[in-house]
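Commentary on secondary and tertiary structure
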Amino acid sequence: MKTLITDSPRLAAHYLTRGGLVAFPTETVYGLGADVFNEKAIRKIFTAKGRPIDNPLIIHITSVRELPMLVRSVPPVAQQLVDAFFPGPLTIIFPRHKGVSPLVTAGLPTVAVRMPRHPTTQKFLRACRTPVAAPSANRSGRPSPTTWQAVRDDLDGRIDCILKGGPTRVGLESTVVDCTRKVPVILRTGAITLEEIQKIHPGVKLARHAGTGSPKSPGLKYRHYAPEAKIRIIDTPAQIHPVKSAGYIGLRSPSEGFGEVKICSSLADYARVFFHFFRVCDRKKIRTIYCERVPKRGLGLAIMDRLERAAHP
Ligand code: TXA
Ligand code: MG
């Protein structure tokens, strides 16, 4: 199959509404979308990515008016998070409407919904005129794609279209919050921090495995985010002897001699670039990537979750 690369949201949407697979930018990472109500198209997502079918998909919307066709009810805890964070990098788990195929939700009685904020995503989704189911647009197990070129590297010839945008602003996936119980539970840490959610729901809980690098949300039990290179988490670059076959990413400067280096100016910068850095290192045949540990606070919680999963795939 030939993969068309375009910067036209309308053209990309045309492919999607005809049953195609379309990769598109969001503020977090690139997604691989299909019409949520087209089972044949949904099936193709799992094939193109090599994704296990027991890993459910997030449904992307542009307006809360789309919720009634996807969810059975909007629990009060969910409504407060919708009001606070939609549109934005938060995914909410609702009770599933029976019109949503079990293929999308991996047979679960719940459904994940998110409303991206990125203007290009919104243009694309509006032109689709249907909610769009989309996982991250990487081959299963690989680092999430934060540029359209990363999507092309993983999926060229396997999908119908790539909607080009710039590098993603956040660089880390959305936070996934289960709102089907009395107290919201964070299943996957991400771009919206625990502290931000606590301002709305002081009682919010972190699922036992969220933010700790081991499984809970169905998808989290698989090999994840891993480059070809080995990931090693370190406390300080001073503890590592730099060699050309190794890379380093962190907040502090290492001594000279690493094959590839990224010094991040803040936690937000770290979050934005580490998936990209993994891919740059793979292209340069770097064998080990040293990642500086950061405190598990704010964005640091999600960064450490991804690094730990990548280190122990
Ligand atoms: O930022 C993001 O969330 C990106 C962009 C494209 O929106 N998407 C993304 O999708 O990261 P994916 O498929 O890579 O991760 C979705 C996560 C998985 O861990 C999956 O198990 C979980 O959300 N999930 C989806 N539906 C769920 C459900 N009904 N219950 C619990 N977890 C669910
Ligand atoms: Mg993913």
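Everything here concerns the structure above.
Model, not experiment: these values are computed from the prediction. (Residues numbered from 1 in each chain as written. Chains lettered and ligands numbered in written order. Predicted model: local features only at pLDDT ≥ 70, side-chain atom pairs only at ≥ 80, totals over all residues. Heavy atoms only, no water.)

This part is about the packing of helix α8 (residues 267–283) against helix α9 (residues 299–311). Relative orientation of the contacting elements α8 and α9 amounts to 20°, with a least axis distance of 9 Å. Here α8 lies roughly parallel to α9, going by the angle between them. The chirality of how α8 crosses α9 is left-handed. Between α8 and α9, the residues in contact are L267, A268, Y270, A271, F274, F275 and F278 and L299, G300, I303, R306, L307 and A310, respectively. A breakdown of the residues in the contact of α8 with α9 according to their chemical character gives eleven nonpolar, one polar and one charged. (Axes fitted to C-alpha atoms, helices over the stretch in contact; angles between N-to-C directions. Helix = DSSP H or I, 4+ residues; strand = E, 2+ residues; numbered from the N terminus. Parallel < 35°, antiparallel > 145°, perpendicular 65-115°, else oblique. Left-handed = near helix turned anticlockwise from the far one by under 90°. Contact = heavy atoms within 4.5 Å. Nonpolar A, V, L, I, M, F, W, Y, C, P; charged D, E, K, R; others polar.)

Here we come to the packing of aromatic side chains. Taken as a whole and judged by the stated rule, the model has seven aromatic pairs. Judged by centre distance (5.4 Å) and plane angle (35°), the rings of Y225 and F275 are tilted. You can see Y225 sitting in the loop between β11 (205–206) and β12 (230–234) and its partner F275 sitting in helix α8, a full 50 residues away along the chain. F275 carries the same exposure label as Y225, and that label is buried. (Phe/Tyr/Trp six-rings, centres within 6.5 Å; stacked < 30°, edge-to-face > 60°. Buried < 20%, exposed > 50% of the residue type's maximum accessible area, 1.4 Å probe, protein only.)

Tracing the backbone shows D282 in helix α8. Classification of D282 as buried rests on a relative accessible area of 13%. A polar contact of 3.2 Å, which involves the side chain of D282, links it to the backbone nitrogen of A229. Excluding residues that lie within four positions of it along the chain, D282 makes contacts with R142, P227, E228 and A229. (Polar contact = N/O pair within 3.5 Å; in protein donor to acceptor, adjacent residues only side chain to side chain.)

What follows deals with the pairing of strand β13 (residues 246–250). Buried residues dominate β13, accounting for five of its five residues. Going residue by residue along β13, you find A246, Y248 and G250 tucked away on one face and G247 and I249 tucked away on the opposite face as well. With four bridges joining them, β13 and strand β14 (residues 260–263) adopt parallel strand pairing. Counted as the bridge partner of G250 is I263 from β14. (Pairing = 2+ DSSP bridges.)

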